[in-house]
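Overview (structure and organization)
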Amino acid sequence: RVKRYFAKSTLAAGVAYSTENDYQSTALSIAATSSSPDNNTTWSAGLAFTNDEINPVNLVVVDEKRSSIELQAGVTQVLTPVDIAQISFTFSDGNGYYSDPYKPYDARPRDRSSQLVLMKWNHQKTKDVLKPF
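Residues numbered from 1 in each chain as written. Predicted model: local features only at pLDDT ≥ 70, side-chain atom pairs only at ≥ 80, totals over all residues. Heavy atoms only, no water.

Of the regular secondary structure elements, the chain holds one helix and seven strands. For the chain, the N- to C-terminal ordering of α and β elements is β-β-β-β-β-β-β-α. The C-alpha atoms of the chain give a radius of gyration of 21 Å, which is well past the 14 Å a tight globule of 133 residues would have. If you line up the chain on its principal axes, its C-alpha atoms span 65 × 30 × 30 Å. Taking all 133 residues of the chain together, 20% fall into the buried category. In the chain, the proportion of contacts linking residues at least 24 apart, taken out of those at least 6 apart, comes to 43%. (Helix = DSSP H or I, 4+ residues; strand = E, 2+ residues; numbered from the N terminus. Rg over C-alpha atoms; globule rule 2.2 N^0.38 Å. Buried < 20%, exposed > 50% of the residue type's maximum accessible area, 1.4 Å probe, protein only. Contact = heavy atoms within 4.5 Å.)

The following block contains the structure:
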């Protein structure tokens, strides 16, 4: 993964490749952030693709494939000197072979999608923030 920093934003791109004797996976990703002029708000967005090839040595299946796409968007807001709130939304959609070929009777659906909302609040104890050096 490589990341480029700008004055109020970032841009990152990534590539992943993994191979084993029964499995091969390739993934691509891109993500960006942008901050407000006062640096109290940061927006983020990302996109990722994966493509997998499954060829188990027990030959339960041959040349099975699986692919997915994931989209993410979020915002982080500084509320006070000791409080930060974040909310992000993620959508994922995939299709292909999701079963585990090494587990008998494991039959999973070939389509999978999910929607996720993540909300976080970080609060720093005041005495730790104002502690002298």
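This part covers the pattern of salt bridges. In a structure, side chains of opposite charge can pair up when their charged atoms sit close to one another. Inspection of the entire model under this criterion finds three salt bridges. Salt-bridge contacts for R110 lead to E64; the nearest nitrogen and oxygen are separated by 3.0 Å. Placement of R110 in the loop between β6 (83–96) and β7 (111–123) and of E64 in strand β5 (residues 64–80) is noted, with a sequence separation of 46 residues between them. Judged by its relative accessible area of 43%, R110 falls in the partly exposed class. (Salt bridge = Lys/Arg side-chain N within 4 Å of Asp/Glu carboxyl O.)

Another aspect to go through is the pairing of strand β2 (residues 9–20). Bridging between strand β1 (residues 2–5) and β2 involves four bridges; their strand directions are antiparallel. When the sheet's bridge partners are listed, K3 is paired in β2 with A12. As paired strands, β2 and strand β3 (residues 23–35) are joined by twelve bridges and run antiparallel to one another. Paired with V15 across the strands is L28, a residue of β3. Here β2 hands over to β3 after two residues, the two strands then running antiparallel side by side. (Pairing = 2+ DSSP bridges.)

Strand order across the open sheet formed by seven strands is β1-β2-β3-β4-β5-β6-β7, with antiparallel pairing between neighbours. Every other strand in the sheet has two partners, leaving β1 and β7 as the edge strands with one partner each. The average undirected angle you get between the axes of adjacent strands in this sheet is 10°. Bridge count between strand β4 (residues 41–54) and β5: 14 bridges; the pairing is antiparallel. Across the sheet, residue T41 finds its bridge partner in β5, namely Q77. (Axes fitted to C-alpha atoms, helices over the stretch in contact; angles between N-to-C directions.)

What follows is about a nonpolar patch on the surface. The grouping of F6, L11 and I30 at the surface amounts to a nonpolar patch, some 270 Å² of accessible area in total. Along the chain, the position of L11 falls in strand β2. (Patch = residues over 30% accessible without salt bridge, like charges linked within 9 Å, V, L, I, M, F, W, Y side chains within 5 Å. Areas by Shrake-Rupley, 256 points an atom, 1.4 Å probe, with all protein chains shown as cover.)

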